[in-house]
Amino acid sequence: MSAAPALPSLAEELAAIAGPEFVNDDAGMLRVFAVDGIAPAISVSPGSAEEVAAILRLASARDLVVVPCGGFTHQDQGGIPKRADVLLKTGRLRALRHYDAGDLTLGADAGMTLAEVERTLAVHRQFLPLEVARPEASTLGGALAVAAHGPLRHAYGGVRDFCIGITFVTGDGKIAHGGGRVVKNVAGYDLMKLLVGSFGTLGVIVGASFKVFPRPSASRSFLCEFPEAREAAAFRDRVLRSPLRPECLEVLSPRAAEYLKDSIPGAESKAVGRSAPEAWRVALRAAGSEAVLARYARELGAAVSTELEGQSEAAFWRSVITFSESVEGRHHNAMILHLALPIAAVAAALAAAEQIALDHGFLMAAVGRAGAGALVVALIPILVDPPAAPLYAAAVKLLRLALPHDATAAVARCPREAKSYFSVWGTTPTELDSMRGVQRALDPKSVLNRGRFML
Amino acid sequence: MSFATVVKRLRKIAGPDAVLDRPEDLMLYEYDAGLACATPQAVVFPRSTEQVAEIVHLAAEAGVPIVPRGAGTGLSGGSIARDGGIILGFSRMNHILELDLDNQRAVVEPGVVNLDLSNAVAGAGLYFAPDPSSQKACTIGGNVAENSGGPHTLACGVTVNHVTGLEVVLPDGRVVEFGGKAAGVVGYDLTGFFVGSEGTVGIATKIVVKLTRLPEAVATLLAIFHTVDDAAHTVVALTSAGITPAALEMLDGWTLRAVEEATHAGYPMDSGAVLLIEVEGLREEVEEQAEAVSGICQMQKAREVRRAQNERERQLLWSGRKNAFGAIGRISPSYYVQDGVIPRTRIPDTLRHIEQVARKYSLTIGNIFHAGDGNLHPLILFDVRDPEQSRRTHAAGREILEYCVQVGGSITGEHGVGMEKNELMPLLFSADDLEVMTRLHDAFNPRSLLNPGKLFPASRSCRETLASAHPAAGLGLDSPRAEA
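Residues numbered from 1 in each chain as written. Chains lettered and ligands numbered in written order. Predicted model: local features only at pLDDT ≥ 70, side-chain atom pairs only at ≥ 80, totals over all residues.

Counting its secondary structure elements, chain B contains 17 helices and 18 strands. Relative to a compact globule of 484 residues, whose C-alpha radius of gyration would be 23 Å, chain B shows 22 Å and is just as compact. Seen through its C-alpha atoms, chain B measures out along the principal axes to roughly 70 × 55 × 45 Å. A total of 484 residues make up chain B; the buried ones form 60% of that total. Put simply, 72% of the contacts in chain B that link residues at least 6 apart link residues at least 24 apart. (Helix = DSSP H or I, 4+ residues; strand = E, 2+ residues; numbered from the N terminus. Rg over C-alpha atoms; globule rule 2.2 N^0.38 Å. Buried ≥ 20, exposed ≤ 12 C-beta atoms within 10 Å, placed from the backbone. Contact = placed C-beta atoms within 7 Å.)

Okay, the interface of chain B and chain A next. When the parts come together, some accessible area is lost, and that loss is often what is quoted as the size of the interface. With 69 residues of chain B at the interface, the matching set in chain A holds 67 residues. Among the secondary structure elements, those contributing two or more residues to the side of chain B that touches chain A are β9 (175-179), α7 (190-194), α8 (228-240), α10 (283-299), α15 (425-428) and α16 (431-444) of chain B. Classifying every residue of the side of chain B that touches chain A gives 26 nonpolar, 27 polar and 16 charged. (Nonpolar A, V, L, I, M, F, W, Y, C, P; charged D, E, K, R; others polar.)

Turning our attention to the pairing of strand β14 (residues 280-287) of chain A. Residues and elements named next belong to chain A. The buried fraction of β14 is high, at 8 of 8 residues. By the alternation rule, side chains of β14 split into Trp280, Val282, Leu284 and Ala286 and Arg281, Ala283, Arg285 and Ala287, which are all buried. Taken together, the 8 bridges between strand β12 (residues 219-226) and β14 define a ladder with antiparallel strand orientation. When the sheet's bridge partners are listed, Ser219 is paired in β14 with Ala287. In the sheet, strand β13 (residues 248-252) pairs with β14 via 5 bridges, with the strands oriented antiparallel. (Pairing = 2+ DSSP bridges.)

What follows is about the nonpolar core. Judged by nonpolar contacts, the single largest core of 301 residues is most densely connected at A:Val346, A:Ala366 and B:Val274. With 8 residues, the top contributor of residues to this core is helix α15 (residues 346-359) of chain A. Not counting residues within four places of it along the chain, the set of residues in contact with A:Ala366 comprises A:Ser253, A:Ala256, A:Leu350, A:Ala353, A:Leu375, A:Val376, A:Val377 and A:Ala378. (Core = buried A, V, L, I, M, F, W, Y, C linked by C-beta atoms within 7 Å.)

Residue and element names in this part refer to chain A. Ordered in space as β5-β6-β10-β8-β9, the 5 strands form an open sheet in which the pairing is antiparallel. In this open sheet, the two edge strands, each paired with only one partner strand, are β5 (96-100) and β9 (175-179). Averaged over all pairs of adjacent strands, the angle between strand axes in this sheet comes to 15°, irrespective of strand direction. Both strand β8 (residues 163-170) and β9 contribute to a ladder of 5 bridges, which runs antiparallel. In the strand pairing of β9, Val169 is matched with Ile175. Sitting on the sheet, helix α3 (residues 49-62) is in contact with β8, β9 and β10 (203-211), with an inclination near 40° to β8. (Axes fitted to C-alpha atoms, helices over the stretch in contact; angles between N-to-C directions.)

Residues and elements named next belong to chain A. We note that the domain assignment places domain 1 (10-89), domain 2 (96-214), domain 3 (219-321) and domain 4 (327-424) within chain A. Here domain 3 and domain 4 have C-alpha centroids that lie 24 Å from each other. With 16 residues of domain 3 at the interface, the matching set in domain 4 holds 14 residues. Among the elements of the structure, α9 (229-241), β13 and α10 (256-260) are those that each provide at least two residues to the side of domain 3 that touches domain 4. Per-element accounting of the side of domain 3 that touches domain 4 gives the leading share, 5 residues, to α9. Of the residues assigned to the side of domain 3 that touches domain 4, the class counts are 10 nonpolar, 1 polar and 5 charged. (Domains from an automatic or database assignment.)

Rendered as structure tokens:
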């Protein structure tokens, strides 16, 4: 009996699909793509949706776990990977599919970076309100998968509100489209909504279309200071009940200033001289003509401690967007949580976070969309030596208990040792069995990011 | 189980006065505001989530289709019992359960009428933003099913942008929650997926909606043009200039004359087209934008730009738009309203194409639509009693939608696919796209007992009708009828 011919290796099969130059199985080079210490065995950079589909069919047949990635800027978020067989990089999928400036729509492949999108749109003074800390690295596909958002969410909504079409590949290798490229469209199921925030577990996003927006002619930002979170929230309510319609309405905890400080303008000017050391801040960004901006200044009146314009304004908002990264850069043991909550619960959640931090050996710093109910909370260990892992778990548990039942608090980043003590996702009001049904429908063999999401 | 037994058990669940099964009563539930029609075998009016769940259990046990229905104002047959079975009417589940003004949310039952919610919160300076033309009658449950739009969705977004949570009865009778008052919660966005699923995934029994602050100021302008082309180019110019009006509606000459005769809204009878443009926001913004809009209209050869001087004049200008379909009903025995969408830059050539289609099929087609988001509503006039005209009407409708798709658009912007356009889905979606959508459908509604025969092309509906071979199965578009 002759020996059966040797099966082709995974590397050979991937090379046959994407070309050998786009496959890498050098363990040394792949180490940089490790998440929680787990590095992928091989990486592949497909050049088309069809190649992505072929890779996923192969992975399904061989029962491999595929980790899709764009700029690798948000891969930390999720449970500790059990396996990472194939890293599927979308970087070669970067074509602009359509940009109709007159229609205010743009479509591009998933691997296009947000910086490139920004440059494309800037030509016509338009923009996509999708804010990330590292636009030169972050991709459209990645931003969709993690439902990235920043301060502009207040006025423009989340990416779910302006993504109008999507192309993705299911776990078993079918290319599927949802929506289209027009701003209003109800034909078929809204697949965009499913993929947004699915953290790469329902499909590999290969392209998307968006509603884009005209850039406001001018803007000005107003910082207002308050001794307590409660008063900051009361001010937020006054703004929400007024005719004002700001672009951003952000709350900043006293300690957050430390991570934004290079951008809190005129550190030497009188404006900051007036600042209380422990002030909560509400930052409001207004857009429009001089008459409109003057109206904001009038309405906000004495509440305003600092006004920002031009470059200092841009730098300030940039620093709010990069808040998590600033914290992480300085404290690699920090834990970052993303809270989604009803807006009336914002002040109590921030107060609870401060108290819980204090009780567990952390300092609390937070920024967030006070009018949309989305907070970024950092718990920073006080001691240089990292606190014991169960302390992270206890803090997360208590914070979750302090929130209304329909709120969520996901841990976006924390030390690996802590991750094994709690679910980084926590609970969600959305029924889990229905979510599992959707996952089985789109990724029947659980090829995509297996074990990392909440299901 | 015989259907008589089903009816008996429905009475036991919902009460003896909550079930209709006499032919003369069922006739009222044969149609919606579109052209399709089919007769249900029973209509039941539950009062609670528990009753809905029990009815769904019963339907599953008996293998009978079940179709949720709000006010029946839909235009794509979404609430028609295509394969017979039970219609679940929500007229008794019409309570606003909670107004949570601090969180800018309301929790409502599906039968709450759209405008009633806005009226209930107007005193607090809030409203529910989606405003379909039928908002005086249509229900929020129906808005959720169809992901309804309206004139003001241009700036504010459609229904899905205003729903954060749902309580849903699934086809297996389980009662589940998707989302809540918080937006952007962790987990798959099943709320967003459910909105617009046309009653094929589950039955919403509670809906958490966002409430929006009423603007401080509003300006309503009527721009009058000699030709449709000038008006169409103005829409492109406004969008390109970065002006986002709250609403931007177009009526062509034929339509505005028909509307003017019925409503006396003040549209000049000798004009080629009008644009109804609304800007809102801060007083200062509104003044600037109104001026900018007016300037662009004049540059684009508007004959005249009028501005409503007070709320009465504003309502008058809008009355023409909002009552247009009724006005058309006065002059034509029937009409077929289309819902195609195109990129806004393609409005001029698409309107010319529609004109050619009208000539080719010897039909009158009026245009009244949400120009600001490229959502066309060509109105094809015909006489439903004339089968040959009906045939031409449907052929013309299809040709228009094919053109919309060809220029990068869609077959429906806000009316839904339903049983009206399910056969056109392959124009937009590949076999794989539809298979993936079918898998999602089957994850929730594997036996297709919930709203069968909708949204998906018939190749799959065949399977559904086998699952529900009921004698009273409907005939869909084969029996178009006049607008009620």
